[in-house]
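Fold and geometry: a report
For reference, the chains in residue letters:
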Amino acid sequence: MIKALYDKTIGLAAHPHALWFLALISFAESSFFPIPPDLLMIPMIIALPHRAFVIAGVAMISSVLGGLFGYLIGGVLFETVGQPILSLYGKEHAFIEMSETFNEWGAWAVLIAGITPFPYKVITIFSGATSLSLPIFILSSIIARGLRFFIVAALLWKFGSPIRDFIERRLGLMFTLFVIILCAGFWMVKYL
């Protein structure tokens, strides 16, 4: 099933309404869809490098709006589905404690999930469930998704097709290493 979705997503890159499909996929991926918008965005930018930053902008805006939908899912469905399950198992207090910790560091969680291969949709839904500050959620999402999509667009605009393999196979790893180094730096400043 995932392979069929992947193939269909790649095929949309050549469609005359590809930008609309990118917006739809970017929106959906931020809240429930399993295929990342990069798979559509990369061939679109390679085909139309002069529109690289417009394509990245559409992906970013749609992704942030989709993230708000994920936030809504977390906020609405938690009360009707999640809370009764926690009550059944006697874990209401554990969730409250975890929510407080998450909300203290929530901006970082959104930022990290927004630029690394970690599923951003998980954090968008969890942010709504824990009632993370909406302005913090939105700002962190804009920064994270902007970095992710505009860095990919800039690399493709500058280097074209030869950089595609690096982006598809290694850019997620590079973002993850960057976040680890950044966190290590903060830890060193705080504790050394």
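Scroll up to find the structure.
Note that the coordinates shown come from a computational prediction; the quantities given were computed from them, not determined experimentally.

Summing up its helical and strand segments, the protein chain has 8 helices and 0 strands in all. Mapped in sequence order, the helices and strands of the protein chain form the string α-α-α-α-α-α-α-α. In the protein chain, which comprises 192 residues, the share counted as buried stands at 40%. Contacts spanning at least 24 positions in sequence make up 75% of the contacts within the protein chain whose residues lie at least 6 apart. Accessible surface, the protein chain: about 10,800 Å² in total, of which carbon and sulfur atoms supply 75%.

Let us now look at helix H7 (residues 134–159). Given 3.6 residues per helical turn, the α-helix brings residues three or four places apart onto the same face. Given a rise of 1.5 Å per residue, 26 residues ought to cover 38 Å, and the 37 Å separating the end C-alpha atoms of H7 matches this to within 8%. Along H7, the positions that sit buried rather than exposed are Phe137, Ser140, Ser141, Ala144, Arg145, Gly146, Arg148, Phe149, Val152, Ala153 and Leu156.

With that out of the way, let us pick up the side chain of serine 30. Within the secondary structure layout, serine 30 lies in the loop between helix H2 (18–29) and helix H3 (38–47). Overall, serine 30 belongs to the buried group, its relative accessible area being 0%. Not counting residues up to four positions away in its chain, the partners in contact with serine 30 are Ser63, Gly66, Gly67, Tyr120, Lys121, Thr124 and Arg145.

An ideal rise of 1.5 Å per residue puts 16 Å on 12 residues; H2 measures up with 16 Å between its terminal C-alpha atoms. Every buried residue of H2 is listed here: Ala18, Leu22, Ala23, Ile25, Ser26, Ala28 and Glu29.

Attention now moves to the packing of helix H5 (residues 92–115) against helix H6 (residues 120–129). Working note: a packed helix pair is described by the angle between its axes plus the distance between those axes. Packing of H5 against H6 leaves a shortest axis separation of 9 Å and a crossing angle of 140°. By the angle between their directions, the pair H5 and H6 is classed as oblique. In the packing of H5 onto H6, the handedness of the crossing is left-handed. Mapping the contact onto sequence places Phe95, Met98, Phe102, Ala109, Val110, Ala113 and Gly114 in H5 and Tyr120, Ile123, Phe126, Ser127 and Ala129 in H6. Residues belonging to the contact of H5 with H6 are distributed by class as follows: 10 nonpolar, 2 polar and no charged.

What follows deals with the side chain of threonine 124. Looking at the element boundaries, threonine 124 is found in helix H6. Taking relative accessible area as the criterion, threonine 124 reaches 0% and is therefore assigned buried. Within the structure, the side chain of threonine 124 is placed 2.9 Å from the backbone oxygen of serine 30, a separation counted as a polar contact. Among all residues touching threonine 124, those that are not within four sequence positions of it are Ser30, Ser31, Gly67, Gly70, Tyr71 and Phe137.

Before going further, it helps to spend a moment on the nonpolar core. By size, the foremost hydrophobic cluster in this structure holds 26 residues, and its most contacted members are Leu22, Leu40, Met41, Met44, Ile45 and Leu156. Sequence-distant contacts of methionine 41, that is, excluding residues within four places in its chain, are made with Leu22, Ile55, Ala56, Ala59, Phe149, Val152 and Ala153. Ala109, Val110, Ala113 and Tyr120 belong to the second largest nonpolar core, which has 9 residues in total.

Basis of the calculations
Residues numbered from 1 in each chain as written. Predicted model: local features only at pLDDT ≥ 70, side-chain atom pairs only at ≥ 80, totals over all residues. Heavy atoms only, no water. Helix = DSSP H or I, 4+ residues; strand = E, 2+ residues; numbered from the N terminus. Buried < 20%, exposed > 50% of the residue type's maximum accessible area, 1.4 Å probe, protein only. Contact = heavy atoms within 4.5 Å. Areas by Shrake-Rupley, 256 points an atom, 1.4 Å probe, with all protein chains shown as cover. Expected span 1.5 Å × (residues − 1). Axes fitted to C-alpha atoms, helices over the stretch in contact; angles between N-to-C directions. Parallel < 35°, antiparallel > 145°, perpendicular 65-115°, else oblique. Left-handed = near helix turned anticlockwise from the far one by under 90°. Nonpolar A, V, L, I, M, F, W, Y, C, P; charged D, E, K, R; others polar. Polar contact = N/O pair within 3.5 Å; in protein donor to acceptor, adjacent residues only side chain to side chain. Core = buried A, V, L, I, M, F, W, Y, C linked by side-chain atoms within 4.5 Å.

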